[in-house]
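# Chain and residue survey
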Amino acid sequence: MKKLFPTLPILLMVLFNISSLNVYAQNNYSTIHFLAYTTYKPLIGQSLKLSFNDRLAASVRYGEAIHYKMYSEGRIAITSSLILDVENGKDYYIYFFFKGNIAGQELAQIDSLKWYSLKTAQCKYESNFEEDITRPWGIINTKKATGPKSGTCFLISDKGYFITNYHVVENAKEITIKGIDGDFTTKYGATVIAEDQSNDLALLKISNKNVQFSLPPFAIRTTGIAQGEKIYAYGYPLTTAMGNEIKLTDGIISAKSGVQGDASKFQISAAVQPGNSGGPLIDEQGNVIGVVYAKSTVADAASYAVKASYLETFLKEIDGFEFPQLINSINDKPLTDKVATLRNFIFIVETN
């Protein structure tokens with residue numbers, strides 16, 4: 001049956017980061033008011049889809065006024081022609097009017113007086129957007145956040161260097177790593193050596209020179225990765241609820257590209273949760289083929305990882321960093337032995 005009502009452009013594969021959630025400071029937001037209206041009777045009671053920067057916001061009924069607390073700041077696209085430059089502490093009024101045919105639809109920002117004069121229904125609900133939707137992958141807005149975060153990191157060099165996601169350590173005043181030698185009570189201070197914001201990667205180094213490491217048992221695999229290939233995601237999700245034991249989930253390479261064909265990412269079916277950010281994506285042989293960084297908030301069983309080829313390029317371009325000659329020493333071991341070995345090289349990273 002042909003739909004009688006239009007939808008605004010949306011992106012179905014919406015992501016949110018999988019580092020731990022944060023508590024936001026009160027009143028540190030703007031408010032976007034949205035009113036949908038029509039005089040076309042077949043549409044009354046029907047809905048349209050509202051999106052901000054291709055991030056699905058809500059299904060809005062005609063005659064309904066909704067209000068959003070928006071913690072993101074920056075440029076937000078409602079459509080290609082309606083762009084808002086959002087600042088905290090301000091109000092923005094959006095009016096959508098459908099006259100009965102697609103050519104007659106209007107979407108515009110108007111002043112508050114006119115918006116209230118057009119309002120035909122009570123506010124149905126208020127929604128809090130606590131993700132930074134000014135970024136294409138919709139990560140948590142750590143600039144506006146307070147309180148600690150937790151993610152995953154893994155050793156990349158026996159010199160004490162670790163890989164994690166950029167968003168895990170972004171704007172951190174303090175970074176610590178725990179779980180070294182199986183000890184989750186001792187925290188070691190770490191610093192950011194290099195970062196790649198576009199690919200959501202960061203290189204860390206612990207400051208304690210007395211801690212000794214052995215060379216990681218995996219290699220970095222950058223070629224020949226096929227759609228449908230078996231993979232494993234390692235990490236420390238939801239440690240407050242699930243504890244400090246490393247978690248392993250399995251799946252396949254669902255697609256060799258990310259959202260909107262992003263060639264730097266894999267889409268994977270392995271389940272990941274807050275805290276998995278920065279963990280390694282491992283193939284059946286025990287090679288690192290990616291860095292887990294995001295999951296979809298819309299599509300079931302859809303998560304994403306930065307490809308190891310981009311990790312390798314990032315590491316090789318860092319001045320003063322000696323790219324390690326990693327050799328896979330666990331290729332012939334059963335999965336249980338691989339897990340027992342790999343967990344000694346994957347850790348919890350926390351920030352304040």
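First things first, this report covers the structure right here in the doc. (Residues numbered from 1 in each chain as written. Predicted model: local features only at pLDDT ≥ 70, side-chain atom pairs only at ≥ 80, totals over all residues. Heavy atoms only, no water.)

## A short note on the pairing of strand E23 (residues 303–307)
Cut-off, in case you're wondering: Each residue's exposure class comes from its accessible area (1.4 Å probe, protein chains only) as a fraction of the maximum for that residue type: buried when under 20%, exposed when over 50%, partly exposed otherwise. For the purposes of this entry, the term helix denotes a DSSP run of H or I that reaches at least four residues, the term strand denotes a run of E that reaches at least two, and both are numbered from the N terminus. In short, DSSP must find at least two bridges between two strands for them to pair.
Burial analysis of E23 places five of its five residues in the buried class, which makes it a mostly covered element. As defined by bridge partners, strand E20 (residues 265–268) adjoins E23 across four bridges and the pair is classed as antiparallel. Across the sheet, residue Phe266 finds its bridge partner in E23, namely Ala305.

## Topic: the packing of aromatic side chains
Aromatic ring pairs are defined here through the distance separating the ring centres and the angle between the ring planes. What counts, and what does not: Here a pair means two rings of Phe, Tyr or Trp (six-membered ring of Trp) with centres within 6.5 Å. Their orientation is stacked below 30 degrees between planes, edge-to-face above 60, and tilted elsewhere. When the NZ atom of lysine or the CZ atom of arginine is within 6 Å of a ring's centre and also within 35 degrees of its normal, the charge is said to sit over that ring.
This model, assessed by the stated rule, comprises five aromatic pairs. Between the aromatic rings of Tyr161 and Phe321, the centroid separation amounts to 4.9 Å while the plane-to-plane angle is 80°, which identifies the pairing as edge-to-face. Pair noted here: Tyr161 is in strand E14 (residues 161–164) and Phe321 is in the loop between helix H4 (308–316) and helix H5 (335–342), with a separation of 160 residues, a long-range link. The exposure class assigned to Tyr161 is buried, which follows from its relative accessible area of 14%. By the ring-pair criterion, three or more aromatic residues cluster together here, those being Phe162, Phe213 and Phe347. Sitting over the ring of Tyr161, Lys205 keeps its end group 5.3 Å from the ring centre. Note that Lys265 overlies the ring of Tyr293, its terminal NZ or CZ placed 5.5 Å from the centroid.

## What about the pairing of strand E24 (residues 346–351)?
Taking burial as the measure, the six residues of E24 include six buried ones, the bulk of the element. Relative to E24, strand E13 (residues 149–157) runs antiparallel, the two being bridged by six bridges. Note on E24: the bridge partner recorded for Phe154 is Ile346. The sheet contact formed by strand E15 (residues 175–178) and E24 spans four bridges and is antiparallel. For Thr176, the partnering residue across the bridge sits in E24 and is Glu350.

## Observations regarding the pattern of salt bridges
As a reminder of what qualifies: A side-chain nitrogen of Lys or Arg and a carboxyl oxygen of Asp or Glu constitute a salt bridge if their distance falls within 4 Å.
For the structure on display, the rule yields eight salt bridges. The shortest N-O distance in the salt bridge between Asp283 and Arg221 comes to 3.0 Å. With a gap of 62 residues between them, Asp283 in strand E21 (residues 280–283) and Arg221 in the loop between strand E17 (201–206) and strand E18 (230–235) connect regions that are remote in the sequence. The pair formed by Asp283 and Arg221 is uniform in burial state, with each residue classed as buried.

## Description of the sheet that holds E24
Stated formally: Axes here refer to lines fitted to C-alpha atoms; in helices the fit is confined to the stretch in contact. Angles between the N-to-C directions go from 0 to 180 degrees. Contacts are assigned to residue pairs with any non-hydrogen atoms lying within 4.5 Å of each other.
Strands sit in the order E13-E14-E17-E16-E15-E24 around a closed barrel of six strands; the barrel is antiparallel. Across this sheet, the average inter-strand angle for adjacent strands is 40°, counted without regard to direction. Here E15 pairs with strand E16 (residues 187–196) via three bridges, running antiparallel. What sits directly across from Ile177, in E16, is Tyr188. On the sheet, H4 packs against E13, E14, E16 and E17 and is oriented at approximately 55° with respect to E17.

## Notes on the side chain of Lys178
Going by this rule: Definition of a polar contact: a pair of N or O atoms within 3.5 Å, with one able to donate and the other able to accept a hydrogen when the atoms are protein atoms, and with sequence-neighbouring residues admitted only if both atoms are side-chain atoms.
Within the secondary structure, Lys178 is located in strand E15. Of note is the side chain of Lys178, whose polar atom sits 3.2 Å from the side chain of Glu350. Every residue in contact with Lys178, bar those within four places of it in the chain, is listed here: Asp183, Phe184, Thr186, Lys187, Asn244, Phe347, Ile348 and Glu350.

## A look at H5
Note the cut-off: The directions from the helix axis to the C-beta atoms form the arc being described.
Of all the residues in H5, the buried ones are Lys338, Val339, Thr341 and Leu342. Each buried residue of H5 sits inside an arc of 165° when the element is viewed along its axis, so together they form one side.

## Notes on unusual backbone geometry
Despite not being glycine, Asp181 has its phi angle at roughly 60°, a positive value. Along the chain, the position of Asp181 falls in the loop between E15 and E16. Note on Asp181: relative accessible area 71%, which makes it exposed. Not every positive phi belongs to a glycine, and Leu238 is a case in point at roughly 45°. Here Leu238 lies in the loop between E18 and helix H3 (239–242).

## Quick look at the environment of Phe266
Along the chain, the position of Phe266 falls in strand E20. For Phe266, a relative accessible area of 3% translates into the label buried. Along the primary structure Phe266 and Lys307 are separated by 41 residues, whereas in three dimensions their C-alpha atoms are 6.4 Å apart.

## A closer look at the environment of Lys307
For Lys307, the location among the structural elements is in strand E23. Once the C-alpha coordinates of Lys307 and Ser257 are considered, the two residues, 50 residues apart in sequence, prove to be 9.3 Å apart. Leave out the neighbours within four places in its chain, and Lys307 touches Lys256, Ala263, Ser264, Lys265, Phe266, Ile289 and Gly290.

## Topic: the nonpolar core
How we decide: In these notes, a set of buried Ala, Val, Leu, Ile, Met, Phe, Trp, Tyr and Cys residues joined through side-chain atoms within 4.5 Å is what counts as a nonpolar core.
With 34 residues, the main nonpolar core has Phe154, Ile156, Ile163, Leu203, Phe314 and Leu315 as its most contacted residues. Not counting residues up to four positions away in its chain, the partners in contact with Phe314 are Ile163, Ala194, Glu195, Asp196, Leu201, Ala202 and Leu203. If you look at the next biggest cluster of nonpolar residues, it comprises 20 residues, including Leu50, Val60, Tyr62 and Ile66.

## Quick word on the side chain of Ser303
By secondary structure assignment, the location of Ser303 is in strand E23. A distance of 3.2 Å separates a polar atom in the side chain of Ser303 from the backbone oxygen of Ala270.

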